[in-house]
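Spelled out, the chains give:
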Amino acid sequence: MRGKLVIGNWKMNGSLEANRCLLQELLPPLAALKGVGVAVCPPFPYLAQVAGLLEGSGVALGAQNLNAAEKGAFTGEVAGGMLAELGCRYVLVGHSERRSLYGESDEAVAEKFEAALAAGLVPVLCVGETLAQRRDGSTEAVIAAQVRAVLQRVGSAAIAVAVVAYEPVWAIGTGETATPEQAQAVHRHIRALLGEADGVLAAATPILYGGSVKADNAAALFAQPDIDGGLIGGASLEAASFLAICQAAR
Ligand code: 13P
């Protein structure tokens, strides 16, 4: 039985003061929310601060990226072991902004995924098609290539621990959400792809939806049979809306 999971991706937002205020508002009502896993992914410099604020709250910590190497001369980069040491449970890999703005290929994402597993982190593999790809009918093929690159590198170990997030690029930060039916169709496709590696594990893998999830559309998305929660950008920066989304996952 898959539980529900909601992850807030703060992207490059926040400050010491804003993080403290947001969590001060968020944590007490979240403590009363049972049956939903919740995590937040602040920018790297705030991981230690947020780890402290989350202590004892039941809300997990995640990071937004990692380098595939264990350590070394990679100026400006952060290793999985460092994230684990700071208390991260999750790390996003292959977010569409990383793929499009920083040139991360399917293979590079697979390497990061493997590094996350090696560091004892739960990789949250982000996949999704662009608007052009959806229009030309290649959504399923694009998602298949993104998922298979990881499966080829790490095998079914990939799905024993991982979380997958389907984030259609055209829905991220645009206010345009996939309909529950559109999202469900891709989620079913992703589960089938995972099932090619291991059907039992695939049935247990959380697959989150991301892309303009808001308080008023979350419940309909989360009610779909293969949607196990959300990866939330903009709405995770506002306590009331993130809380409402977490409640919708209950
Ligand atoms: P928005 O919720 O702001 O559309 O962002 C989605 C996202 O990219 C989460 O990783």
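On a predicted model such as this, the values are computed, not experimentally measured, just so you know. (Residues numbered from 1 in each chain as written. Predicted model: local features only at pLDDT ≥ 70, side-chain atom pairs only at ≥ 80, totals over all residues. Heavy atoms only, no water.)

Focus on the overall build of the chain
Counting its regular elements, the chain contains 12 helices and 8 strands. A compact globule built from 250 residues would reach a C-alpha radius of gyration of about 18 Å, and the chain, at 17 Å, matches this within 12%. Within the chain, the fraction of its 250 residues that count as buried is 51%. Considering only intrachain contacts with a sequence separation of at least 6, the fraction spanning at least 24 residues in the chain is 72%. Taken together, the 18 basic and 24 acidic charged side chains of the chain have centroids lying 3 Å from each other. (Helix = DSSP H or I, 4+ residues; strand = E, 2+ residues; numbered from the N terminus. Rg over C-alpha atoms; globule rule 2.2 N^0.38 Å. Buried < 20%, exposed > 50% of the residue type's maximum accessible area, 1.4 Å probe, protein only. Contact = heavy atoms within 4.5 Å. Lys, Arg positive; Asp, Glu negative; His and termini not counted. Charge placed at Lys NZ, Arg CZ, Asp CG, Glu CD.)

A few points about the site of the ligand
The environment of the ligand is formed by Asn9, Lys11, His95, Glu167, Ala171, Ile172, Gly173, Gly211, Ser212, Leu231, Gly233 and Gly234. Separating an oxygen atom of the ligand from a side-chain N or O atom of Glu167 is a distance of 2.9 Å. Residue Ser212 places a main-chain N or O atom 2.7 Å away from an oxygen atom belonging to the ligand. Relative to its unbound accessible area of 300 Å², the ligand is 96% covered by the protein chains. Taken together, the residues that form the shell around the ligand break down as 3 nonpolar, 7 polar and 2 charged. (Near = heavy atom within 4 Å. Polar contact = N/O pair within 3.5 Å; in protein donor to acceptor, adjacent residues only side chain to side chain. Areas by Shrake-Rupley, 256 points an atom, 1.4 Å probe, with all protein chains shown as cover. Nonpolar A, V, L, I, M, F, W, Y, C, P; charged D, E, K, R; others polar.)

Looking at the side chain of Glu104
Looking at the secondary structure, you find Glu104 in the loop between helix H4 (96-101) and helix H5 (106-118). A relative accessible area of 9% places Glu104 in the buried class. Polar side-chain contacts of Glu104 include one of 3.0 Å to the side chain of Arg98. Beyond its immediate stretch of four places on either side in the chain, Glu104 contacts Asn65, Gly94, Arg98, Arg99, Val109 and Lys112.

Observations concerning the pairing of strand S8 (residues 229-232)
Because side chains alternate across S8, one face comprises the buried residues Gly229 and Leu231, and the other comprises Gly230 and Ile232, equally buried. Where strand S1 (residues 4-9) and S8 come together, 4 bridges link them in parallel fashion. Each residue of the ladder has a partner; that of Gly8, found in S8, is Ile232. Here strand S7 (residues 207-210) runs beside S8; their pairing, made up of 2 bridges, is parallel. Opposite Tyr209, over in S8, you have Gly230 as the bridge partner. (Pairing = 2+ DSSP bridges.)

Quick notes on the environment of Val186
Within the secondary structure, Val186 sits in helix H9 (residues 180-197). Its relative accessible area of 7% is what places Val186 among the buried residues. When the C-alpha positions of Val186 and Ile227 are compared, they lie 9.7 Å apart, and in sequence the two are 41 residues distant. Those residues in contact with Val186, other than ones at most four positions away along the chain, are Arg134, Thr139, Ile143 and Tyr166.

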